[in-house]
Amino acid sequence: MTTCETVYAPNTYRSDLKPVWCPGCGDFGVLNSVYRALADLKCEPHETVVVSGIGCSSRLPGYVESYGFNSLHGRALPIATGVKLASPALNVIAVGGDGDGLAIGGNHFLHAARRNTDIAYFIMDNEIYGLTKGQAAPTTPIGDKTKSTAYGNPEAAVDPCALAISFGATWVARSFSGDVKGTTELMKQAIQHRGFAFLNIMSPCVTWRGDDQFKILRAKVKPLPADHDVTNRELALRFTNETEGLSIGVLYNISHPTLVDEMLEVRWKAQGDKLPPTRTDMLKAFTPDF
Amino acid sequence: MTQQLALSIVGSGGDGAVAAGDILAMACARDGLNVIKTEAYGPQIRGGESSCTVRISGKPIFAQADLIDALVVFSWEDFARFRSELALAPDAVVLHDSDDAVPDWIVTARVTPIHFPKTGKNIFALGLLASIFGLPADAISAAVAKRFAKKSAAVLESNREAFDTGFALGAELPVGAEKLAYTASSPKLLMSGNETSAVGAVDAGCRFFAGYPITPSSEILHFMAEWLPKIGGSCLQTEDELAAINAVVGGSFAGVKSMTSTSGPGLSLMSETLGLASIAEIPAVIVNVQRGGPSTGLPTKSEQSDLLHSVFGSHGDTPRVVIAPVDVEDSFHATVEAFNIAEEFQIPAIVLTDQSIAQRRETLSRDSLIHEVTSRRIATPDQLENFRRYAITEDGVSPMSIPGMAGGMYQTNGLEHDERGRPSSMYVVHERMNDKRYRKLTAIAKKFRLYRRFGAEKPELGILCWGSSMGPVREAIDILTMEGIRVAAFVPRILMPLPAADIQQFVDSCAQTLVLELSHSAQFHQFLRTEIDLPRSRTRVFARSGGKALSVTEVIQEVRRALARTEKLEEVLA
């Protein structure tokens, strides 16, 4: 029992650790949005768990005053899944970079979405590997020169939102970290969504993608049409393959039973309104009772 | 009369060889006999050849049979595939289909052609065996009735008739076999090591299981999928072993006792997260059921070659606990102990078992499945004041909070971190934290000296072995002791931390030592040499590949060879 009232202000969620990010990094905007979203939703810090993998952006849990888990490269989602299933009352948020979530952790992304796992997942997409100093990521545009693509990236980039929608995520949105207010609003919706909510945040890496990234993105982003039907999957996918500009906002939002719902359903099927089984019941199959 | 019998039934899909073995084993369990039942299959997913071997005795038994005393074979072609696994005793009774000519490589004395009925031939065979060997016919008959209770009355009746007809025919056959000596006693449980491990986990308080199907460990996943939801737990089948172990670490971080089970290939994938659990100090239990390796290896056969991976695998300095059960009953205790140690010391614990223990079914007394359960030390309100999750302590164990606890917030980390969990790459912090984490192993070693020792007090030969090797070694020692040979065995049940002082004392008390294991590269011997002084001149190693169970005969042979060598040496010196 807490004796003093929690003050739900952005600063309540600010830890005493200073971010290690480069000056001008897009992730500062994301972090500010996280503070504001948690404050606006009055999330109890001790009932919030922020899980990450490895990468620049995966340092984020350390900067949030809550329970945090900075885990292994690519493994944020299975860890977050374990946390949520073990303790469904917790508010579980997974964060990380595009390399962490789409390359090494890509398989988990598919299955967390498919299961409609009750977590909010924020990818800070900078189209590059930053922590390892500038190699191509699955999101790096084709043709771009990076440290690992000396003659231009020979591989096509993937759109994270397209993957999420295809994999079965029930809430998918895109935002731009330069737009703190808009990102905050989308984070709030993601946290409140029942099921797997995926937010891809375009978060420029000024060190390895160039300091004009903010300018380029700011010119590129545009709101989704006001009449966009978020329940239309085909339409949502169309906005993951735009020839001009980059639409931000909620692309897709449907309602579907979540993993926790399904697990409760399994328990009901297993147990129904019967008394819990005894140890004798458990050993029955191994007991010669004839 | 004979003290023990090993009976094999071999057929193809539809013959019901395995079903007959199940019925026989369960019937013997009802009458309090001791049973070890093993199965073997061809590579086909369904159908194909299968064999079931049931060893039965009125006295305690610890290993599967070396030699088969009675073989029921519906098709010689099927039996041919098991030739290397099912060795017949010279005087074995062989009952085969009269339409199937006996191959010339069958050289046993008592080969009897049988005209098996078209339906229920497996139950007919049980009738034959029951009368020829004096097996508990009432119990078998009742087990048959139970097996077909849910089928139509006609099916039940035809099977009952098959048993009776077989029984009557058996009494007339002039095979002249010795009958089994036993007195019926109270019923026993019949379980596999995977099943006792799963029950142990539930007893220990495991309420979250995440796993990926893999032979030969999947029965644990199946059991958890059925039982955890009934008792308020959750079972998740993950996309791979990486997700399984990471979900377990997440579940445990969130305060629920969590476990996964796997086999070698899965353990390889889990290695990185083993390190995460170790540095983040999160309890996690992994049951690793060894099979032949490396790579896909021999998925359905036993081996003891994941030892070094289990005790040392994962990069960095990674303290973990490894417990190795020695039989089916012990798989229960080892799993509870793994939970107890993992939870108390906030450390990953591997239950290192193998296919032979995990998949054979053995009789055990219900009273034997009891083990004290301990839980993790949760941070007290005092400790939550100015909370330091990774506080440096004498035994290395720091107060742990659970998400949801006010005042217990911290960030856990796969990065090296300070006492509050904040990332740090300073040498001093790293050294102090490594030191703290390794102190837990010292504390565990002091508190959990888990081993079995049996045989002579001052042995001329001491055997060092581990895990499933214990069974045949124990039976071999009983036989050798009766011959007046002073031999003993030391079997560590905890391999990390190794009870080194106890092992050293044993080694020093033996005139010579024999290290015995199913690993081509002698992993156990290599491992022992890291901590134990094993004098070269007094140490002999018997290490071979898995794929075939260690036999009592092999152990006896190796002991004799070792002793003969000593005698020769003494002669030369004299």
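In case you missed it, the structure is sitting above this.
A quick note: this is a predicted structure, and the numbers were derived from the prediction, not measured. (Residues numbered from 1 in each chain as written. Chains lettered and ligands numbered in written order. Predicted model: local features only at pLDDT ≥ 70, side-chain atom pairs only at ≥ 80, totals over all residues. Heavy atoms only, no water.)

Novice: Can you lay out the overall build of chain B for me, pointing to particular residues and giving the numbers?
Specialist: Of regular secondary structure, chain B possesses 18 helices and 21 strands. At 26 Å, chain B has a C-alpha radius of gyration in line with the 25 Å of a compact globule built from 574 residues. For chain B, the accessible surface area stands at approximately 21700 Å², while carbon and sulfur atoms represent 52% of it. In chain B, 56 positive and 67 negative side-chain charges are present, and the distance between their average locations comes to 3 Å. (Helix = DSSP H or I, 4+ residues; strand = E, 2+ residues; numbered from the N terminus. Rg over C-alpha atoms; globule rule 2.2 N^0.38 Å. Areas by Shrake-Rupley, 256 points an atom, 1.4 Å probe, with all protein chains shown as cover. Lys, Arg positive; Asp, Glu negative; His and termini not counted. Charge placed at Lys NZ, Arg CZ, Asp CG, Glu CD.)

Novice: So, the overall build of chain A: which residues are in play, and what are the values?
Specialist: Counting its regular elements, chain A contains 10 helices and 8 strands. On C-alpha atoms alone, chain A measures out to a radius of gyration of 21 Å, which is about the 19 Å that the 2.2 N^0.38 rule sets for 290 residues. When its C-alpha atoms are laid out on the principal axes, chain A stretches across 75 × 50 × 40 Å. Taking the contacts inside chain A whose residues are at least 6 apart along the sequence as the reference set, 69% of them involve residues at least 24 apart. Counting only carbon and sulfur atoms, one obtains 55% of the accessible surface of chain A, whose full area is about 12600 Å². (Contact = heavy atoms within 4.5 Å.)

Novice: Account for the pattern of salt bridges, naming residues and giving values.
Specialist: Pairing of side chains with opposite charge becomes possible as their charged atoms draw close. Applying the stated criterion to the full structure yields 41 salt bridges over all chains. Note that D40 of chain A is salt-bridged to K188 of chain A, the shortest N-O span being 3.1 Å. Separated by 148 residues along the polypeptide, D40 of chain A in helix α1 (residues 27–40) and K188 of chain A in helix α6 (residues 180–192) bring together distant segments of the chain. For the salt bridge of K37 of chain B with D22 of chain B, the shortest nitrogen-to-oxygen distance reads 2.1 Å. Within this pair, whereas K37 of chain B is found in strand β2 (residues 34–41), its partner D22 of chain B is found in helix α1 (residues 17–30), the two being separated by 15 residues in sequence. (Salt bridge = Lys/Arg side-chain N within 4 Å of Asp/Glu carboxyl O.)

Novice: Can you lay out a nonpolar patch on the surface for me, pointing to particular residues and giving the numbers?
Specialist: Together, M426, Y427 and V428 of chain B give the surface a local cluster of nonpolar side chains, amounting to about 350 Å² of exposed area. Looking at the element boundaries, Y427 of chain B is found in helix α14 (residues 427–447). (Patch = residues over 30% accessible without salt bridge, like charges linked within 9 Å, V, L, I, M, F, W, Y side chains within 5 Å.)

Novice: Give a description of α14 of chain B that names residues and reports values.
Specialist: One turn of an α-helix holds 3.6 residues; hence residues three or four places apart share an orientation. Residue and element names in this part refer to chain B. The first and last C-alpha atoms of α14 sit 31 Å apart over 21 residues, in line with the 30 Å expected at 1.5 Å per residue. Listing the buried residues of α14 in full gives V429, M433, N434, K436, R437, K440, L441 and I444. Relative to the axis of α14, the buried residues are bounded by an arc of 155 degrees and lie together on one face. The exposed set on the far side of α14, more than 90 degrees from its buried face, consists of Y427, T442 and K446. Elements that come into contact with the buried residues of α14 comprise α9 (264–280), β12 (321–323), α11 (328–345) and β19 (494–496). (Expected span 1.5 Å × (residues − 1). Buried < 20%, exposed > 50% of the residue type's maximum accessible area, 1.4 Å probe, protein only. Arc of directions from axis to C-beta.)

Novice: Describe the sheet that holds strand β8 (residues 246–253) of chain A, naming the residues involved and giving the relevant values.
Specialist: The strand order β7(A)-β8(A)-β5(A)-β6(A)-β4(A)-β3(A)-β1(A)-β2(A)-β15(B) describes an open sheet built from 9 strands, whose pairing is mixed. Each having just a single partner strand, β7 (221–223) of chain A together with β15 (411–413) of chain B make up the two edges of the open sheet. Each adjacent strand pair in this sheet contributes to an overall mean axis angle of 20 degrees, direction not counted. Sheet analysis places strand β4 (residues 120–125) of chain A next to strand β6 (residues 197–202) of chain A, joined by 6 bridges and oriented parallel. Its bridge partner being in β6 of chain A, D125 of chain A is matched across the sheet by M202 of chain A. Its contacts with the sheet put helix α7 (residues 213–220) of chain A on β5 (171–176), β6, β7 and β8 of chain A, and the angle it makes with β7 of chain A is roughly 30 degrees. (Pairing = 2+ DSSP bridges. Axes fitted to C-alpha atoms, helices over the stretch in contact; angles between N-to-C directions.)

Novice: Talk me through the packing of α1 of chain B against helix α3 (residues 121–133) of chain B; I want residue IDs and the actual numbers.
Specialist: Residue and element names in this part refer to chain B. Look at α1 against α3: their axes get within 9 Å of each other, and the N-to-C directions meet at 40 degrees. One element, α1, and the other, α3, form an angle in the oblique class. The way α1 lies across α3 gives a crossing that is right-handed. In contact with A19, A20, I23 and L24 of α1, α3 contributes N122, I123 and L126. The class makeup of the residues in the contact of α1 with α3 is 6 nonpolar, 1 polar and no charged. (Parallel < 35°, antiparallel > 145°, perpendicular 65-115°, else oblique. Left-handed = near helix turned anticlockwise from the far one by under 90°. Nonpolar A, V, L, I, M, F, W, Y, C, P; charged D, E, K, R; others polar.)

Novice: Can you break down the nonpolar core residue by residue, with the values?
Specialist: In this structure, M224, M259, L464 and L495 of chain B are the most contacted members of the largest nonpolar core, which totals 77 residues. Apart from the residues lying within four places of it in its own chain, the contact partners of L495 of chain B are L307, V311, V322, A324, L352, W466, F524 and F527 of chain B. Grouped together as the second largest cluster of nonpolar side chains are 61 residues, A76, L77 and Y121 of chain A together with A254 of chain B included. (Core = buried A, V, L, I, M, F, W, Y, C linked by side-chain atoms within 4.5 Å.)

Novice: Which residues make up the packing of aromatic side chains, and what values do they have?
Specialist: A full pass over the atoms with the stated rule returns 26 aromatic pairs over all chains. Summarising the aromatic geometry, the rings of F79 of chain B and W105 of chain B are spaced 6.1 Å apart at their centres and angled 15 degrees between planes, so their arrangement reads as stacked. Here F79 of chain B is found in helix α2 (residues 76–80), whereas its partner W105 of chain B is found in the loop between β5 (88–97) and β6 (110–114), with 26 residues between them in sequence. For W105 of chain B, a relative accessible area of 29% corresponds to the partly exposed category. Grouping aromatic residues by their ring pairs yields a cluster made of Y67 and F69 of chain A together with F253, F387, Y390 and Y410 of chain B. The positively charged end of K121 of chain B is found above the aromatic ring belonging to F74 of chain B, 4.9 Å away from the centroid. Sitting over the face of the ring of F454 of chain B, R474 of chain B holds its NZ or CZ atom 5.4 Å from the ring centroid. (Phe/Tyr/Trp six-rings, centres within 6.5 Å; stacked < 30°, edge-to-face > 60°. Lys NZ or Arg CZ within 6 Å of the ring centre and 35° of its normal.)

Novice: Residues and numbers for the interface of chain B and chain A, please.
Specialist: Tallying the contact residues gives 66 residues for chain B and 51 residues for chain A. Note on chain B versus chain A: buried area summed over both sides is about 4800 Å², and carbon and sulfur give 67% of it. Across the chain B-chain A interface, the total number found is 4 salt bridges. A salt bridge links E239 of chain B to R115 of chain A; its shortest N-O distance comes to 2.7 Å. (Buried area = accessible area lost by both parts, 1.4 Å probe.)

Novice: Please set out the sheet that holds strand β14 (residues 361–364) of chain B residue by residue, giving values where relevant.
Specialist: Residues and elements named next belong to chain B. Spatially, the 8 strands line up as an open sheet ordered β6-β5-β4-β1-β3-β2-β14-β7, and their pairing is mixed. What marks the edges here is a single partner per strand, and that holds for β6 and β7 (189–192). The average angle at which neighbouring strand axes cross in this sheet is 20 degrees, direction not considered.

Novice: Account for the pairing of β5 of chain B, with residues named and values stated.
Specialist: All names here are of chain B. Most of β5 sits inside the fold, with 8 of its 10 residues counted as buried. Relative to β6, β5 runs parallel, the two sharing 5 bridges. Counterpart to D97 in the pairing with β6 is I114.

Novice: Run through the layout of surface pockets, naming residues and quoting values.
Specialist: Approximately 650 Å³ is the volume found for the second largest pocket. Split by residue class, the lining of the second largest pocket holds 14 nonpolar, 6 polar and 9 charged. (1 Å grid on protein atoms, 1.4 Å probe; cavity = no way out; pocket = protein on both sides within 12 Å on 5 of 7 lines; lining within 4 Å. Points joined across faces, edges and corners; volume = space filled by probe spheres on them.)

Novice: Could you give me a rundown of empty space enclosed by the protein, with the residues and numbers involved?
Specialist: The final tally for this structure, using the stated rule, is 3 cavities of 30 Å³ or more. Approximately 120 Å³ is the volume found for the largest cavity. Taken together, 13 residues line the largest cavity, and the ones lying closest to its centre are S356, S468, P472, A549 and L550 of chain B. In terms of residue class, the lining of the largest cavity is built from 6 nonpolar, 5 polar and 2 charged. Reported here for the second largest cavity is a volume of approximately 50 Å³. Along its surface, the second largest cavity is lined by L77, P78, T81, H108, A112 and R115 of chain A together with L236, T238, E239, A243 and A247 of chain B. Elements that contribute at least two residues to the lining of the second largest cavity include exactly α2 (76–86) and α4 (106–114) of chain A together with α8 (241–253) of chain B. Element by element, the count of residues in the lining of the second largest cavity is highest for α2 of chain A, at 3 residues.

Novice: Explain the pairing of β5 of chain A to me, using residue names and the numbers behind them.
Specialist: Residues and elements named next belong to chain A. Judged by how many residues are buried, β5 sits mostly within the fold: 6 of 6 residues are covered. Residue alternation in β5 divides its side chains into two sets, W171, A173 and S175 and V172, R174 and F176, and both sets are buried. As paired strands, β5 and β8 are joined by 4 bridges and run antiparallel to one another. Looking at β8, one finds that A173 is bridged to V250.

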